[in-house]
Amino acid sequence: MLIAQISDTHIIEPDQNDPRTLERVSVLEAFVAHIGRMDEKPDLIMHTGDVTQDGKPEEYETVKSVMSALGIPVFFALGNRDLGANLAEGLKDLGGANLVDGFLIYSVDGFHVRLIAMDTQNRESRIGTTCSVRLRILEELLEEEPDTPTALFMHHPPFEVTTSKYPFQFDDPALADAFLRLISQNKQIVHLFCGHMHRQYSAELETCWASVTPTLPPDNRLGEYEAGYKERPLFQLHRWNPDVLRFETRLTPVEC
Ligand SMILES: [Fe+2]
């Protein structure tokens, strides 16, 4: 199983007078073209949120029109910049983003590894959160398939990203702990895929691995990268290795 993950595309309505808005769209187009040229295509694309800058229907319309050329399902997690109802309505046809009790939490089935999108959006601030309702929805989904390797994907990492100036991006450490406890109690969870930090990071948690994908666009990216990567759109390829029950991850520059 091969997954391509992108994050923090922050698509803004194209404005001819603002080159940054045009650049963000052309970066997404370049990613779609890159996937189209790959000999071995990913089974699915995973977007870990901040799909748009302001959560407007027109911005999701732009994303849909660019990404529908992929011909591969695309699944989205909710970023702090996104608006759940607009995202679900605008992008559900690309893969199946689904709101449950107002939260964007859903499973992606039919692949070697089951995926679950977790909603970490705090409706009142830019940092992440969770709550008893979300944890219950997640727990019920996990109970459906306790023996299937499962990866969660979400916007805000519920753990410290130690290379960041602002390493912890959850509002309440107790809620993050409750979330991490649920994860460690479910041994079928093999990986957490995150975004939001705009930088690359990986960590080994108590019972699984975790990683953060940097932004697709170069203009809003943080952190250090090898020569030739800084100015290019970046995404990550995750290949499932069933022998060691782990994803092998490769940071990949978009060929422009
Ligand atoms: Fe974010």
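Predicted model only: the values in this text are computed from it and were never measured.

**Remarks on the packing of helix α2 (residues 57–67) against helix α3 (residues 84–91)**
Move 1: Two elements in contact, α2 and α3, have axes separated by 9 Å at closest approach and are oriented at 35°. Pair α2 / α3 crosses with right-handed handedness. Contacts between α2 and α3 pair Pro 57, Tyr 60, Val 63 and Lys 64 from the former with Asn 86, Leu 87, Gly 90 and Leu 91 from the latter.
Move 2: Taken together, the residues of the contact of α2 with α3 break down into 5 nonpolar, 2 polar and 1 charged.

**Some points on the layout of surface pockets**
Move 1: One number sums up the size of the largest pocket: a volume of about 320 Å³.
Move 2: By residue class, the composition of the lining of the largest pocket is 3 nonpolar, 7 polar and 5 charged.
Move 3: Looking at the second largest pocket, its volume works out to about 180 Å³.
Move 4: Elements with a minimum of two residues in the lining of the second largest pocket: β10 (201–204), β11 (209–212) and β13 (246–253).
Move 5: In terms of residue count, β13 provides more of the lining of the second largest pocket than any other element does, 6 residues in total.
Move 6: Each residue belonging to the lining of the second largest pocket can be placed in one class, and the counts come to 6 nonpolar, 6 polar and 3 charged.

Rules of the game
Residues numbered from 1 in each chain as written. Predicted model: local features only at pLDDT ≥ 70, side-chain atom pairs only at ≥ 80, totals over all residues. Heavy atoms only, no water. Axes fitted to C-alpha atoms, helices over the stretch in contact; angles between N-to-C directions. Helix = DSSP H or I, 4+ residues; strand = E, 2+ residues; numbered from the N terminus. Left-handed = near helix turned anticlockwise from the far one by under 90°. Contact = heavy atoms within 4.5 Å. Nonpolar A, V, L, I, M, F, W, Y, C, P; charged D, E, K, R; others polar. 1 Å grid on protein atoms, 1.4 Å probe; cavity = no way out; pocket = protein on both sides within 12 Å on 5 of 7 lines; lining within 4 Å. Points joined across faces, edges and corners; volume = space filled by probe spheres on them.

By themselves, these observations are geometric and do not establish any function.
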